[in-house]
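This is what each chain is made of:
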Amino acid sequence: MLYGRSSELNQLSDLVQRGIAGTGGALLVRGEAGIGKTALLQAVRDTAVAQGCRVLSALGVQSEASVPFAGLHQLLNPVFPDHVGLLTGRQREALYAAFGMAHSPSPEMFSVGLASLELISGFAEESPVVLLIDDAQWIDGPSSEVLAFLARRLEAERAVMLLAVRDGHDTVFQNAGLPELALPALDEDAATKLLTTHAPGLSPLVRQRLLTEAAGNPLALVELPTTLDDGEVPQTVLPWLPTTRRLERSFLVRAATLPGRTRALLLIAAADDQGDLAEILRASTLLEGQDIAVDSLEPAVTAGLVELSGHEIRFRHPLIRSAVYHAATPKRRLAAHAALAATLSAHQERRAWHRAAAASGPDDSVALDLEAAAAKALLRGAPGAAAEALRQAALLSSADTHRGRLLLRSAEINFDLGNADLARRQLAEAQSARLETVERLRLTLWAEALNEESWFTPERVRVFADVADQLADAEKDGAALALRALWPLSIGCWYGNPSAETRAMVVKTARRLQRSDNDPMVLSVAACADPVEEAAWVIAETTRLPADAVSDPVEQHALGASLTAVWAYDLSWPYLCAAVDGLRRQGRIGLLGEALASQAWAAIPLGKHRLARSAADEARRLSRDTGRTRWAYVADLALAALESERGEPDKASSLIQATEAELLSVGAQSILGFAQIARARHAIVNNQHHEAFEQLSRVLDPSDVTYHPFVGYMGMADLIEAAAHLGRDDEAARHLARLDALAERTNAPYLTAMATYARPLVASDDQAEALFQQALESRLLSSWPFHRARLLLAHGRWLRRRRRVAEARRPLRSALESFEALGIAAFGQAARAELRAAGETVDGPAPDALDRLTPQELQIAKMAATGMTNREIGAQLFISHRTVGQHLRRIFPKLGITSRGQLHLADLGDD
């Protein structure tokens with residue numbers, strides 16, 4: 001019976017009912033050791049089973065935390081073999097590879113996540129599923145990431161997930177945005193009832209002492225009375241010890257009286273990571289040097305320390321495992337791990353970790369065993385686990401053998417994972433170790449690449465370039481490696497403010513590393529490192545690239561994003577679309593989130609607003625899923641600009657304010673320029689031209705925290721328009737001259753189009769009309785329908801205010817039609833108001849079915865209209881087929897149809 005937990009149990013039971021109804025979810029249960037998390041999960045298990053649910057569970061074990069996907073395998077193993085037919089071939093391969101059951105190419109972490117989601121979703125169609133994860137703080141890293149991925153995607157499933165995490169542990173689950181239930185201490189009445197039930201014969205004095213010492217901790221209330229000696233409170237109950245320590249002492253009192261063979265079994269079980277009875281018996285026999293049979297376990301079961309379920313040994317509470325393990329002498333613990341390693345000859349990864357735990361000092365053979373485990377982790381799609389294995393291997397190597405090489409390889413993996421600080425520390429540690437010539441060059445290259453404090457000086461670039469040249473000569477792939485290191489640094493140039501000399505040297509270094517004519521990575525580096533000087537060359541070279549010159553999605557993304565850096569959004573578009581498709585197929589959702597954010601910002605000036613909204617919405621979700629929060633902020637700001645244009649000012653303002661606060665809190669000032677662009681668009685839409693002028697001027701002011709000229713140039717047309725509306729003609733003309741000069745220097749199509757758009761806005765009355773006509777009749781705005789529609793609106797407004805009302809109606813009608821076709825409601829309302837002012841009767845905006853769809857619903861509708869199945873759509877969007885079906889059921893009535901066969905009748909836009 002659970003005392004004092006009826007409210008919490010009801011909350012968890014309600015979640016189970018939601019799962020049964022097909023609207024599942026997840027909940028994180030937090031609390032100190034012994035507070036009742038395990039008991040609460042057990043009560044939920046009993047309730048769920050009684051209601052016909054299938055329960056899958058996993059228990060985190062501290063010694064298991066280094067073995068990738070061990071926790072996920074524990075959770076899914078009961079259903080994986082028999083239900084593998086629910087998965088596509090690629091999904092099966094991902095899980096087989098993750099579990100070390102096949103030698104498939106390394107799967108992406110979230111390909112494993114999607115396969116797990118489909119397995120659970122398909123299994124849940126037979127009966128609702130309850131996933132219970134206890135001691136989740138000790139689940140291995142790769143499994144934790146997959147579980148967090150699953151937890152965020154159960155809303156449309158007949159499945160729920162409960163995760164119990166001990167306080168004081170930082171896990172991915174706390175940052176996953178999951179609802180939390182914090183378990184408090186029991187109140188006095190509940191604590192008294194629990195203590196009285198388990199120890200009814202206590203004297204009032206002893207009972208009050210135990211109530212005080214237990215402090216409302218249920219496990220302490222149950223276990224501390226077992227240490228009493230003739231009704232007295234022994235020294236194991238000490239008031240100055242934390243509850244956890246007091247409990248561990250009480251468990252050790254019981255363990256100390258057990259026979260030696262039983263204590264050996266308990267130590268091996270505590271050091272083991274599986275709980276397999278046969279495995280533990282074999283290792284115990286090796287530890288003791290004599291046969292140990294299963295009957296030696298009986299005293300521990302009788303003492304209430306462990307349970308035997310089938311062929312699995314489980315400690316009744318993790319504190320018992322911890323107490324038994326840490327009570328053993330260091331020598332005894334090393335011997336236990338050595339015995340387990342000898343027992344696990346057929347399990348290379350687990351054996352390697354137990355050998356490492358058994359090592360009393362440097363041991364190269366153990367280090368090489370861990371290096372082999374790291375290689376397997378990479379094959380299983382767990383680079384983080386591989387980097388940790390290499391780090392541990394380095395600790396077990398001597399400086400004159402393998403330490404330097406292992407630290408270098410771990411640092412390179414951590415760099416790819418975005419763990420720059422850890423990579424720097426590892427490179428610094430490797431400096432003094434022995435390295436081969438090429439390894440030393442690689443170390444120097446990465447050390448320079450990660451040296452943020454001194455990077456943006458010509459001297460540091462010269463050092464990097466010299467090392468890059470040597471590496472290119474010394475290693476077959478040295479040039480490619482150097483370019484890979486140079487690429488993020490060129491992005492730093494775009495976001496930062498280095499000298500012109502530094503920018504030029506970065507570009508010169510990239511060109512020296514060029515692997516072929518029109519090398520896309522060289523174009524990418526040049527575009528980001530020095531946009532103004534290199535834009536014309538990059539744009540010219542890109543237009544000459546053969547259609548199949550860039551086939552790798554990563555390089556497609558790099559080139560597409562870099563072309564946006566030189567304002568060539570139209571040229572960037574095919575590369576970004578190809579990158580999104582390719583990264584989606586490969587399941588690389590971290591990079592996919594980045595590519596989608598880039599695609600969203602490119603789509604806005606191109607007038608592809610509906611696609612931009614879908615891309616931004618997906619980018620912010622995927623980027624948060626993968627911990628790339630800065631890209632999520634970039635996507636949030638794109639969405640804010642779009643919400644302003646859709647006539648949703650409150651949503652836009654809320655997004656901008658929240659994102660700005662986050663950017664300032666994490667020190668990401670370099671992204672604040674995008675916030676100003678979003679704020680200015682919000683102001684322009686609402687005819688707040690003074691606000692728009694102030695926000696955009698800040699981005700171009702070197703003394704302002706938001707200063708970012710390359711971002712600022714994106715909003716130059718808006719800045720000029722705002723100045724013209726405010727009567728600040730001199731400033732408008734000055735900014736137009738600046739825009740004209742930049743457009744001529746860079747040949748950037750967008751800048752040229754913006755200058756064409758802005759020129760009539762600042763012209764005198766005798767010149768304006770000709771400039772309006774010239775701009776609207778030229779091809780310069782054909783790729784920029786949003787700005788062409790805005791120019792039609794401006795022309796119509798200009799004509800009406802000069803009392804040429806009849807002439808004004810035609811451009812205003814065209815503007816209205818364009819805005820409605822593009823789904824830009826706010827500007828459409830402005831055009832409608834101008835038409836009414838011009839004397840034309842205009843109906844209110846017709847309800848747009850597409851605008852009633854969420855961004856994700858629009859994506860799904862478009863995919864379904866092409867004939868894709870729910871499973872195929874789910875695989876593309878990293879959601880389950882059941883979630884897709886739920887979305888479609890909401891989409892049909894919004895579009896006025898009843899089945900997917902009618903989707904072709906709906907106008908879903910041509911973005």
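To start, this report covers the structure provided alongside it. Within each chain, residue numbers correspond to sequence positions counted from 1 in written order. Totals for whole chains, interfaces and linings use every residue, but because this is a predicted model, local features are given only for residues with pLDDT of at least 70 and side-chain atom pairs only at 80 or more, for both listing and counting. Side-chain descriptors were evaluated using all non-hydrogen atoms of the structure, hydrogens and water having been removed beforehand.

Brief notes about the packing of aromatic side chains
Okay, step 1: We call Phe, Tyr and Trp rings a pair once their centres come within 6.5 Å, taking the six-membered ring for Trp, and we label the pair stacked below 30 degrees between planes, edge-to-face above 60, and tilted otherwise. A complete count under the given rule lists 15 aromatic pairs for this structure.
Okay, step 2: Taking 6.5 Å as the distance between ring centres and 35° as the angle between the ring planes, the aromatic pair formed by tryptophan 494 and phenylalanine 674 counts as tilted. With a gap of 180 residues between them, tryptophan 494 in helix 24 (residues 478-495) and phenylalanine 674 in helix 34 (residues 672-685) connect regions that are remote in the sequence.
Okay, step 3: Only protein chains enter the accessibility calculation, which uses a 1.4 Å probe; a residue whose area is less than 20% of its type maximum is buried, one above 50% is exposed, and one in between is partly exposed. Judged by its relative accessible area of 6%, phenylalanine 674 falls in the buried class.
Okay, step 4: Centroid distance phenylalanine 772 to tryptophan 798: 5.9 Å. Interplanar angle 50°. Geometry classified as tilted. Here tryptophan 798 lies in helix 41 (residues 785-801) and phenylalanine 772 lies in helix 40 (residues 765-777), a separation of 26 residues in the sequence. Here phenylalanine 772 and tryptophan 798 have matching classes, each one buried.
Okay, step 5: Through successive ring pairs, a cluster of aromatic residues spans Trp494, Tyr495, Trp567, Trp601, Phe674, Phe710 and Tyr713.
Okay, step 6: A ring has a charge above it when a Lys NZ or an Arg CZ is no more than 6 Å from the ring centre and no more than 35 degrees off the ring normal. One residue, arginine 511, lies across the ring of tryptophan 537, its end atom 4.1 Å from the ring centre. Going along the chain from the N terminus, every DSSP run of H or I of four or more residues is numbered as a helix, and every run of E of two or more is numbered as a strand.

Observations regarding the sheet that holds strand 4 (residues 159-166)
Okay, step 1: Across the sheet, which stays open at both edges, the five strands sit in the order 2-3-4-1-5 with parallel pairing between neighbours. In this open sheet, the two strands that pair with only one neighbour each are strand 2 (54-59) and strand 5 (180-182). Strand-to-strand, the axes of this sheet are offset by a mean angle of 15°, without reference to chain direction.
Okay, step 2: Sheet topology places strand 2 next to strand 3 (residues 129-134); six bridges connect them, and they run parallel. Of the residues in strand 3, the one forming a bridge with serine 57 is leucine 132. When DSSP finds two or more bridges between two strands, those strands count as paired. Only C-alpha atoms enter the line fits that serve as axes; for helices the fit covers just the stretch in contact. Angles between N-to-C directions range over 0 to 180 degrees.

Observations concerning unusual backbone geometry
Okay, step 1: Here tryptophan 567, not a glycine, exhibits a phi torsion of approximately 60°, which is positive.
Okay, step 2: A positive phi angle is found at phenylalanine 878, which is not glycine, with a value near 60°.

Focus on the packing of helix 17 (residues 348-358) against helix 18 (residues 364-379)
Okay, step 1: The interhelical angle for the contact between helix 17 and helix 18, taken along N-to-C directions, is 145°, at an axis separation of 9 Å. Note on packing geometry: the crossing formed by helix 17 with helix 18 is left-handed. Contacts between helix 17 and helix 18 pair Gln348, Glu349, Arg351, Ala352, Trp353, Arg355 and Ala356 from the former with Ser365, Val366, Asp369, Leu370, Ala372, Ala373, Lys376 and Ala377 from the latter.
Okay, step 2: In this count, Pro and Cys sit with the nonpolar residues alongside Ala, Val, Leu, Ile, Met, Phe, Trp and Tyr, while Asp, Glu, Lys and Arg are called charged and the others, Gly among them, polar. Its residues assigned to classes, the contact of helix 17 with helix 18 comprises eight nonpolar, two polar and five charged. Two helices that cross are described as forming a left-handed crossing if the nearer one is turned anticlockwise from the farther one by less than a right angle, and a right-handed crossing if clockwise. Here a residue-residue contact requires only that any non-hydrogen atoms of the pair lie within 4.5 Å.

Notes on the pattern of salt bridges
Any two side chains of opposite charge can pair if their charged atoms end up close together.
Okay, step 1: Definition used for salt bridges: Asp or Glu carboxyl oxygen within 4 Å of a side-chain nitrogen of Lys or Arg. Applying the stated criterion across every chain yields a total of 54 salt bridges.
Okay, step 2: Residue arginine 588 is joined to glutamate 108 by a salt bridge in which the shortest nitrogen-to-oxygen separation is 3.6 Å. Taken together, the residues arginine 588 in the loop between helix 29 (569-586) and helix 30 (589-603) and glutamate 108 in the loop between helix 5 (89-98) and helix 6 (109-124) connect sequence positions 480 residues apart.
Okay, step 3: As a salt-bridge pair, arginine 153 and aspartate 625 come within 2.4 Å of each other at their nearest N and O atoms.

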